[in-house]
Amino acid sequence: MPARRVSLALVYVAGAAIYLPTARSTFVQDDRAIVAANPRAHSVSQALRAFDEPYWPTPSGGEYYRPLTILSYAVDWTLSGGRAGWLHLMNALWHGLASLLVVLVFERWLSPAAAVAGGLIFALHPVHVEAVAGLVGRAEVLAAAGMLGAVLCARRGWWVATVACAAVAMLSKEHGVATGVLIVFDRWLRPTDEPRYPAGLYAALGAVTAAFVVAWYLIGHRAGLLVWPVDLSADYGPQVIPAYSAISVAALGGTVVVGAAVATGWWARRAAPALSFGAWASAATYLPTSNLAFPSGIVLAERNLYLPVLLVAALTGVAVQWVQGRWGGAAPRGIGIVTAALAVALGWRTLSRLPVWRDNRTFLLTLLTEHPESYRGHWSAAAVLAGLGDTAGARREYARADSLFHGDPHLDATHALFLLGLRDTAGARPLVERARQRVAYEPIALRAQVLLLLLRGQRAGATALADTARIRAPWDASWYDVQLR
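The present account deals with the structure reproduced in this document. Computed from a prediction, not measured in an experiment: that's the story for all the values here. (Residues numbered from 1 in each chain as written. Predicted model: local features only at pLDDT ≥ 70, side-chain atom pairs only at ≥ 80, totals over all residues. Heavy atoms only, no water.)

A short note on the nonpolar core
One finds Phe106, Phe122, Phe277, Tyr306 and Leu310 to be the most contacted residues of the largest nonpolar core, which totals 83 residues. With residues up to four places along the chain from it excluded, the contact list for Phe277 reads Val105, Trp109, Val151, Leu182, Phe185, Asp186, Leu189 and Leu310. Membership of the second largest hydrophobic core comes to 29 residues, among which are Ala382, Leu431, Leu451 and Leu452. (Core = buried A, V, L, I, M, F, W, Y, C linked by side-chain atoms within 4.5 Å. Buried < 20%, exposed > 50% of the residue type's maximum accessible area, 1.4 Å probe, protein only. Contact = heavy atoms within 4.5 Å.)

As structure tokens, then:
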């Protein structure tokens, strides 16, 4: 027992300690809108009152439904007085917990050494950097902890705790709806002579899942990196990952990867149930965001791969167990050396990637250097240059972003607003029209069109549109009042 506790502590500490340098980081990218500038993330009482509000603040689009993630920020903000370092530290601790739960899940099928090896790989895998180093990635970590916790509670017959963990997963991020699927997978892989789970558990899980789906719809509705995580990126938008509207080699390859994971799960269900569980869990949690089954756009993020790393962790654990079975007593030392070497290599890659998420300047410079084809990088650069008063540079970066991808109405709207600040109505007009054709009531596009009408002397039209905008975007009412004085 003491040895087991030491091993579990090792995995937890490894997962948390590798991210301790992020305690010096600030609010980066989406952290600013979701945490730093969001009053709901600053007060527990406000977070609770806003439990029926979308994840993204309404001015930013009002999308998704992740109230527990917002509540966790509020708790941290209250305890720390809003210090970014504290929130980053808590992300590291949550990741340590998720890594520990991976070991506990694997222990049913793997030897202690094999389960710990899999947990270490999960803890140190570099693809986790965005999910843990970026504060908004906490949704991934909390959902993973909830899903794995639900599987473990079901094994122990803690039915109420199982449903509670499932609810935590769903209320942290949408793919938590797959929790019931993971429980079914886990139960199917267990010996048939063990007692079945009660029908009431499945009914409760179904009811909680259905309730979440309804809430999500009403409130928030608006894969090589796992194996060789060298070319990591802060953006996987258009051009970084091209969009395909027809059959292509790349699209076929993605389908094959997901299909292979499912097939592996079936093939290994008897000989290597840990691998089977890892494969199916990875497919179930990644498929909703893969754009294969449910087209949700093409802007992706590495943090979506957080729980799918279970497949790599399971492969490692199964390999260690196979070596133990083949070489017996002669194996432990060699296994330890190989596992340690792999852990060091992954840990080094993780540590080398952490500085990218230190602050917005470093993030943006890295993105532009690594992926100059990213339209989002040039869009961000344009906003920075505009703020510095470099209008020529901002024009150049906006034009570059538009040339790379002209399908984002939010880019069109901000670009138009910038041009209107320079009194360039001819350049702004087609951008405003394009933005509103794609999203009729895009908030920034509404502002831009009101300014465009005012600059063209059409005050009556501007006033009428402002009345509509106040209804659609009430948070902007004071802005329209100032413009129409």
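Picking up where we left off.
Re helix 21 (residues 443-455)
The first and last C-alpha atoms of helix 21 sit 19 Å apart over 13 residues, in line with the 18 Å expected at 1.5 Å per residue. Looking at helix 21, one finds that the buried residues are Pro443, Ala445, Leu446, Arg447, Ala448, Val450, Leu451, Leu452 and Leu453. Contacts made by the buried residues of helix 21 are with helix 19 (409-421), helix 20 (425-438), helix 22 (459-472) and helix 23 (477-483). N-cap assignment for helix 21: the residue whose side-chain oxygen lies 2.8 Å from the backbone N of Ile444 is Glu442. Positive phi shows up at Gly457, right after helix 21, with a value of about 80°. (Helix = DSSP H or I, 4+ residues; strand = E, 2+ residues; numbered from the N terminus. Expected span 1.5 Å × (residues − 1). Polar contact = N/O pair within 3.5 Å; in protein donor to acceptor, adjacent residues only side chain to side chain.)

Structural notes on the packing of helix 19 against helix 20
At a minimum axis distance of 8 Å, the contact between helix 19 and helix 20 shows a crossing angle of 155°. The orientation of helix 19 with respect to helix 20, classified from their angle, is roughly antiparallel. The chirality of how helix 19 crosses helix 20 is left-handed. Contact residues: Pro409, Asp412, Ala413, His415, Ala416, Leu419 and Leu420 in helix 19; Thr425, Gly427, Ala428, Leu431, Val432, Arg434, Ala435 and Arg438 in helix 20. Class assignment of the residues belonging to the contact of helix 19 with helix 20 gives a composition of nine nonpolar, three polar and three charged. (Axes fitted to C-alpha atoms, helices over the stretch in contact; angles between N-to-C directions. Parallel < 35°, antiparallel > 145°, perpendicular 65-115°, else oblique. Left-handed = near helix turned anticlockwise from the far one by under 90°. Nonpolar A, V, L, I, M, F, W, Y, C, P; charged D, E, K, R; others polar.)

Brief notes about the pattern of salt bridges
All chains considered together, the criterion is met by 18 salt bridges. Linking Arg434 and Asp412 is a salt bridge whose minimum nitrogen-to-oxygen distance equals 2.7 Å. In this pair, Arg434 sits in helix 20 while Asp412 sits in helix 19, placing the two residues 22 residues apart along the sequence. Relative accessible area serves as the criterion here: at 0%, Asp412 is assigned to the buried category. Here Asp481 and Arg470 are joined by a salt bridge, their closest N and O atoms 2.9 Å apart. In this pair, Asp481 is assigned in helix 23 and Arg470 in helix 22, connecting sequence segments 11 residues apart. (Salt bridge = Lys/Arg side-chain N within 4 Å of Asp/Glu carboxyl O.)

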